[in-house]
Amino acid sequence: MSALDRLLGTWEFTMHHSAMSEPVTGRQRYERVLDGAFVLQHWTYYHPDFPDAMALLSDDRYHYFDVRGITRVFELEVDDAGWSMIRLDEDFSQRSTARFRGPDVMESTGEMSHDNGVTWQPDFTMTYQRVE
């Protein structure tokens, strides 16, 4: 069993984003695909300024795709306590970390950088609650 299996199921989330004054909510679903080789993540935001997306996760990579046609690949580390991922880019780098708070709650933080990861600014915090 992979540490990714802790993510399986449906999660409701509340995000506090640096660009928004009010919280943004949504839903994520994680499921095993391709005979269990990967985990597929579906994102739905309940806010028009945030794109619905999906990602394909392996034990060391996170491949992101959204409705705008954006694709990004992150290095991913997952263990029983949570996960962290990073993507370095000259124009827009991102990193985030999440920790499990019991079997059905996760808390995460994200940061962004516009100088290839030399300096980082807060981007968001999220709280996830498993609902299925």
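This report concerns the structure included in the present document. (Residues numbered from 1 in each chain as written. Predicted model: local features only at pLDDT ≥ 70, side-chain atom pairs only at ≥ 80, totals over all residues. Heavy atoms only, no water.)

1. Observations concerning a negative patch on the surface
Taken together, Asp 59, Asp 60, Glu 75, Glu 77, Asp 79 and Asp 80 make up a surface patch of like negative charges. Position of Asp 79 among the secondary structure elements: in strand S6 (residues 71–79). (Patch = residues over 30% accessible without salt bridge, like charges linked within 9 Å, V, L, I, M, F, W, Y side chains within 5 Å. Areas by Shrake-Rupley, 256 points an atom, 1.4 Å probe, with all protein chains shown as cover. Salt bridge = Lys/Arg side-chain N within 4 Å of Asp/Glu carboxyl O. Lys, Arg positive; Asp, Glu negative; His and termini not counted. Charge placed at Lys NZ, Arg CZ, Asp CG, Glu CD. Helix = DSSP H or I, 4+ residues; strand = E, 2+ residues; numbered from the N terminus.)

2. With respect to unusual backbone geometry
The phi dihedral of Asp 35 is positive, around 55°, even though this residue is not glycine. Within the secondary structure, Asp 35 is located in the loop between strand S2 (24–33) and strand S3 (38–45). Residue Asn 116 is not a glycine yet carries a positive backbone phi of 60°. Examined against the element boundaries, Asn 116 turns out to sit in the loop between strand S9 (105–113) and strand S10 (121–130).

3. Points about the pattern of salt bridges
Applying the stated criterion across every chain, the model contains seven salt bridges. One salt bridge connects Asp 5 with Arg 32, and the closest N-O pair in it is separated by 2.9 Å. Taken as a pair, Asp 5 in the segment before strand S1 (9–17) and Arg 32 in strand S2 lie far apart in primary sequence, 27 residues in all. What makes Asp 5 buried here is its relative accessible area of 18%. The partly exposed category is assigned to Arg 32, whose relative accessible area is 27%. (Buried < 20%, exposed > 50% of the residue type's maximum accessible area, 1.4 Å probe, protein only.)

4. Topic: the side chain of Gln 94
Looking at where Gln 94 falls in the secondary structure, it is placed in strand S8 (residues 93–100). A distance of 3.5 Å separates the side chain of Gln 94 from the side chain of Arg 72, its partner in a polar contact. Every residue in contact with Gln 94, bar those within four places of it in the chain, is listed here: Arg 72, Phe 74, Met 85, Ile 86, Arg 87, Glu 111 and Trp 120. (Polar contact = N/O pair within 3.5 Å; in protein donor to acceptor, adjacent residues only side chain to side chain. Contact = heavy atoms within 4.5 Å.)

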